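An overview of the molecular structure
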Amino acid sequence: MSTEPVATAVLAASPAAADGPEHVTEPVAYDAILLAGFGGPEGQDDVIPFLRNVTRGRGIPDERLEEVAHHYRHFGGVSPINDQSRELKAALEAELERRGIDLPVYWGNRNWDPYLADAVRAAYADGHRTLLAIATSAYSSFSSCRQYREDIAIALDATGLGGELTIDKVRQYFDHPGFVEPFVEGVVAGVRELLPQVDGDASRIRLLFATHSIPTADAERSGPRDRAFGEGGAYAAQHLAVSEIVATEAARILGVDRLGWDLVYQSRSGPPTQPWLEPDINDRIAELPGEGVRAVAIVPVGFLSDHMEVLWDLDTEALESAREAGLAAVRTPTPGSHQRFVEGLVDLVLERRDGTPVAERPALTDLGPWFDVCRPGCCENIRAGFKPAAAGVAP
Ligand SMILES: CC1=C(CCC(=O)O)c2cc3nc(cc4[nH]c(cc5[nH]c(cc1n2)c(C)c5CCC(=O)O)c(CCC(=O)O)c4C)C(CCC(=O)O)=C3C
Ligand SMILES: [Fe+2]
């Protein structure tokens, strides 16, 4: 077997890679990390250009865009997401330094300044040629994985550096302990806060694991083409598996029999005729009083930081729905720059640099550890047909 890195930039995936390992266990001498973020506006003037970037060619109705623009306008046109990425970058740098690992971190976004192309150019100018990307998204689907890979490929193309730089990506880390443990900690604290409001009866509390809705057609295509994951594809399967682990582990720590929970969806977009994953969090909240529930802990399991989807769709809308339903409610934290999360991301880098055998890679669900190299047709793009994507096997 070749000792070359299997995942290569743009369309350069070798024929060997097509039949190659799902996990790269040969050590690769990465010389830099690429933190690939979503990006967000940093002032009122940025809001519309940012929304255009995000929705180009997406068929999002104007009414939806106006509504979303209002969310940003409400917060002064500023999304907190860029500051959160800056904090995560600084935390990664601190953790790398603490461990004596000499790997610089370059940060670039898909949809706003600094763009991925800027980061790629800077890394190249500093002499780096073999980058390992960390996307700020933990699950598999077009929006949460492939789109990051396509945008990295576009950045390589736009900078003309596709032939010079190799960019691989760490595996999707939805079930890595560094990602999961901060959620467990948050749920334990949230339930403790709610217990006095339900006379100590945990069966009256419902955990609502919230993630971004996506078109069902995307969900069905999430994950490798040649595997079946049931309804909602790998995207739903991964979220269900993580939610189960978090609920079970939190119940154990709290010493209660079990904590009832649902996986719910938020931030639906797209034309009304297009089916998206359901139930919507607000619809589910409205049903809960009829089931004897008196309090909810909203767990933003689909997100990494308290960005606009969390501040608006959960902290503004869903908490309001809970008030209307007469439920006590808390929203538990995202991983943000939690020390365990940051350590986990560094561990994910090291497993690739050191070629850690798959059996030694931490994964808390039966679905993982996820693939280092996205499989053929993984999280296929139903919007624009085939587009080149970095860090995967073509097509
Ligand atoms: C799965 C998923 C994640 C989680 C994975 C990840 O984190 O990447 C995510 C994150 C985010 N989504 C974000 C913002 C937006 N997403 C939009 C639109 C869409 N998202 C989608 C999916 C996802 N999105 C989809 C299927 C669309 C429809 C367009 C299409 O079919 O491709 C739109 C357009 C308006 C609208 O339609 O809502 C905006 C403004 C921000 C930044 C927040 C901030 O600024 O703080 C973040 C972190
Ligand atoms: Fe989104």
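Residues numbered from 1 in each chain as written. Chains lettered and ligands numbered in written order. Predicted model: local features only at pLDDT ≥ 70, side-chain atom pairs only at ≥ 80, totals over all residues.

**Looking at the UniProt feature "binding site: Fe-coproporphyrin III" (unreviewed entry) in the protein chain**
With numbering matched to this structure, UniProt assigns "binding site: Fe-coproporphyrin III" (unreviewed entry) to Ser79 and Tyr148. Within the secondary structure, Ser79 sits in the loop between α3 (62–74) and α4 (81–98). In this structure, Tyr148 sits in helix α6 (residues 142–159). Take Tyr148: there are 24 C-beta atoms within 10 Å of it, and that puts it in the buried class. Dropping the residues within four chain positions of it, Tyr148 is found in contact with Ala36, Arg110, Ala135 and Ser137. (UniProt positions renumbered as here; feature names shortened; annotations may be inferred. Helix = DSSP H or I, 4+ residues; strand = E, 2+ residues; numbered from the N terminus. Buried ≥ 20, exposed ≤ 12 C-beta atoms within 10 Å, placed from the backbone. Contact = placed C-beta atoms within 7 Å.)

**Focus on the sheet that holds strand β2 (residues 105–109)**
Strands sit in the order β2-β1-β3-β4 across an open sheet of four strands; the sheet is parallel. The open sheet is flanked by β2 and β4 (166–169), the only strands paired with a single partner. Here the average twist between neighbouring strands, direction ignored, is 30 degrees. Where strand β3 (residues 130–135) meets β4, four bridges bridge the pair, whose relative direction is parallel. Pairing of Ala133 across the sheet is with Lys169, part of β4. (Pairing = 2+ DSSP bridges. Axes fitted to C-alpha atoms, helices over the stretch in contact; angles between N-to-C directions.)

**A look at unusual backbone geometry**
Cis peptide bonds are those with omega within 30 degrees of zero, and the linkage from Asp113 to Pro114 qualifies with -5 degrees. Inspection of the secondary structure puts Pro114 in the loop between β2 and α5 (116–125). Positive phi is not limited to glycine here, since Ser267 has a value of about 60 degrees. Examined against the element boundaries, Ser267 turns out to sit in the loop between β6 (260–266) and α10 (281–287). Taking the number of C-beta atoms within 10 Å as the measure of exposure, Ser267 has 23 and is therefore buried. One non-glycine residue, Cys379, lies in the positive phi region at around 50 degrees. Judged by local crowding, Cys379 falls into the buried class, with 31 C-beta atoms found within 10 Å.

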